[in-house]
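Examining the three-dimensional arrangement
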Amino acid sequence: MSERQSWWRGAISPIVSSTIAVLAALIVGGIVIAATGSDPIEAYRAMFRGAFGSRRQIGETLVSATPLILGGLAFAIAARAGMFNIGIEGQLVMGAFAAGVIGTYDLGPRPVGLVIALAAGVIAGGIWGMIPGLLKAFSGAHEVITTIMLNYLALRMVSYAVNNVDWLPVNPPLQATDPVLPANKLPILLDGTRLHAGIIVAIVAAIVLWWILFRSVYGYKVRTVGLSPGAAKFSGIPWKRTIVIAMVLSGIFAGLGGASETLGLQGRFYNVSPGYGFTAIAVGLVGRNHPIGVIAAGLLFGVLRAGATQMQNSADVSKEIVQVLQGLVILAVAASAYVAMMRQRRAAAKAAVSSAPEQGVEA
Amino acid sequence: MTDLFTVALLTATVRMTAPLLFAAMGGLLSERSGIMNIALEGFMLIGAFVAVVGTWYTGSPWFGLLCAIVAGGAGAAIHAFWTITLKADQIVTGAALTLLGAGIPAFLIKRIFDQTGGTPSVERLPTLGGHMNILAPVAFMLVPLVHYFLFYTKPGLRLMSAGENPKAAESVGIPVSLYRYCAVIASGMLSGTAGAYLSIGDLSQFTIGMTQGRGYIALAAVIFGNWSPFGAAAAALLFGFAQAFNLQAQAQGMFSKDLLSALPYLVTLIALTGVVRNLRSPAGLGKHATD
């Protein structure tokens, strides 16, 4: 097999298997819809119309995709370092809250205030991502458990702050912070839509992550640690520092996602759990933890979310089907690892047969 | 302050601890067999919902409970098939089932009951003396049973050996996969019971997200309790007490509910940092018997 061909296969096969996983999930979802007495074709058609039917709806699709892309990037960088970050929800909430609090103050003229408010979200998310990184590196605490705990801690802390801390700019009856000053908000990109500059932040973030992963020394370390911590140790890569930084970066992307929701979409922080954490896992997995894949998967899930309302109204399928579809997609991706493994094993067996014919093959 | 420590607080503690015990004993069995199960929360939600559906159609909460156990077991069977037979990632699969556990009831509520957010009221399981749900003492009796099963019976010891060193267990003829299937399915059935306890025991309806992270608190109890039944039960009791104290304190307007309800998560985090030095998970957790 030539070098060129193997590169081609390397790029195509994850795309094919992700596509198959998504299609499988959509088909099973269609069966679920049919089993509950609705027409799945009509439902998916309504979903498509809802996501692309008008200028405003396309805007909504991109708005929904924004936090999903940033969350997916957060999942991807952690996963590349071998860390399973279930704590994106908490990191996102911390970022959203910090940006919401800082954004209420007069921070200077237009880009300055916005940058400071975004930075607040980045710092809060980064710290919340750093904690499980440090715990993993220095006490071996499993990141899945610590991030789940940190999710709930974040939600409770923020809820406490919104309800009880008088010196913060909060509004307890509304369960929110005060509105963000206009100068600190992400601008609207298209008139007559809610599309804000958060989508640009997300795409820039994806490019940055691509550069980090595939063009920087640190990215090389991350990928080595993620593939084989043992090999990384032998080649002198400090895995503790590598995974802590990866978790900080993960928290930063998640925090940006939260900040962009506050500063771009809501205009203030609301004390609710947006439920992006698990969707971000789906986005990262479907996007195969590659920045470009994450953008594509984020857009796909944005379509599902944005189209769901239309589907509910015109095809009478309740929009919670989106959550079911996300679960099915993750299940399908998880199973596809099995398919890949079997294929690999078959190829290995074939290679063994052709390379050692004189010895025979043991069962 | 003295008003807080009353019989009411004691019964509330029992009430809040029972569902944690069911789910924690389930999670413990699964983890001891070597399969991580982060989907306890999802199975609880499914169980809570299906219990109401079963009761709604038959009028019998006992049938509802049976439905919840079966549904939880069925959901866990998917986890088992994916993680044991397909060797899929245990965390990824758990995340998928958590989403499905939250999504399916939310999706079906509209279909079945033409309501959003919650179901109509149904008949509840009977109570003992008008206060304590009949499942609550069952939950507490489960703890010594699980302890006895794991440490004093042959299948229990084999189950733990599947979790400690699956390859060695397999080599001496223990059917590791079979034990793991049983343990994971049992964890789903117990989580389903925990869900039914909430929806048709404690309350008489299902509402979206009604488990409020109890599946994760149960998981935390397993870890904080160092993977032993009595340890996990003690942790569950502590967390249940925190929840009960929270309810009482809130009723008297004393503390912020948020800070106190953060306690289980904070305690578990601190325990994991190594303050509690001898925490040790089953060595074969997440490992397969064959490559």
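Everything here concerns the structure above.
These lines cover the structure that appears in this document, whether it is placed above or below. (Residues numbered from 1 in each chain as written. Chains lettered and ligands numbered in written order. Predicted model: local features only at pLDDT ≥ 70, side-chain atom pairs only at ≥ 80, totals over all residues. Heavy atoms only, no water.)

Turning our attention to the overall build of chain A. When you go through chain A residue by residue, the secondary structure sums to 13 helices and two strands. The C-alpha radius of gyration computed for chain A amounts to 22 Å, which stays within 12% of the reference 21 Å derived for 363 residues, consistent with globular compactness. When its C-alpha atoms are laid out on the principal axes, chain A stretches across 80 × 55 × 35 Å. For chain A, buried positions account for 52% of its 363 residues. Once local pairs closer than 6 in sequence are excluded, the contacts in chain A between residues at least 24 apart make up 75%. Carbon and sulfur atoms provide 66% of the accessible area of chain A, an area that totals close to 16,000 Å². Of the charged side chains in chain A, 26 are positive and 15 negative, and the gap between their average positions amounts to 9 Å. (Helix = DSSP H or I, 4+ residues; strand = E, 2+ residues; numbered from the N terminus. Rg over C-alpha atoms; globule rule 2.2 N^0.38 Å. Buried < 20%, exposed > 50% of the residue type's maximum accessible area, 1.4 Å probe, protein only. Contact = heavy atoms within 4.5 Å. Areas by Shrake-Rupley, 256 points an atom, 1.4 Å probe, with all protein chains shown as cover. Lys, Arg positive; Asp, Glu negative; His and termini not counted. Charge placed at Lys NZ, Arg CZ, Asp CG, Glu CD.)

Moving on, we get to the side chain of Ser191 of chain B. All names here are of chain B. For Ser191, the position within the fold is in helix H8 (residues 176-202). Relative accessible area serves as the criterion here: at 0%, Ser191 is assigned to the buried category. Ser191 has contacts with Ala23, Leu40, Phe43 and Met44, leaving out every residue within four places of it along the chain.

As a further point, take the pattern of salt bridges. The tally for this structure, following the rule as stated, stands at six salt bridges over all chains. Of the charged contacts, one joins Asp316 of chain A and Lys110 of chain B as a salt bridge, the two residues approaching to 3.7 Å between their closest N and O atoms. You can see Asp316 of chain A sitting in the loop between helix H12 (291-315) and helix H13 (321-355) and its partner Lys110 of chain B sitting in helix H4 (residues 90-113), one on each of two chains. Look at Asp316 of chain A and you get partly exposed, because its relative accessible area is 41%. You can call Lys110 of chain B partly exposed: its relative accessible area is 26%. For the salt bridge of Asp316 of chain A with Arg111 of chain B, the shortest nitrogen-to-oxygen distance reads 3.8 Å. (Salt bridge = Lys/Arg side-chain N within 4 Å of Asp/Glu carboxyl O.)

As a further point, take the interface of chain B and chain A. Contacts between chain B and chain A engage 43 residues on the former and 42 residues on the latter. Both sides together, the interface formed by chain B and chain A hides about 3,900 Å², and carbon and sulfur atoms give 77% of it. Taken as a group, Leu99, Phe107 and Arg111 of chain B account for 18% of the area that chain B buries against chain A, more than any other trio of residues on that side. Across the contact surface, chain B and chain A share two salt bridges. Here chain B and chain A share five residue pairs in polar contact (both at pLDDT 80 or more) between them. The set of elements that each furnish at least two residues to the side of chain B that touches chain A consists of helix H3 (61-85), H4, helix H9 (214-224), helix H11 (257-261) and helix H12 (263-275) of chain B. For the side of chain B that touches chain A, the leading source of residues is H4 of chain B, giving 17 residues. (Buried area = accessible area lost by both parts, 1.4 Å probe. Polar contact = N/O pair within 3.5 Å; in protein donor to acceptor, adjacent residues only side chain to side chain.)

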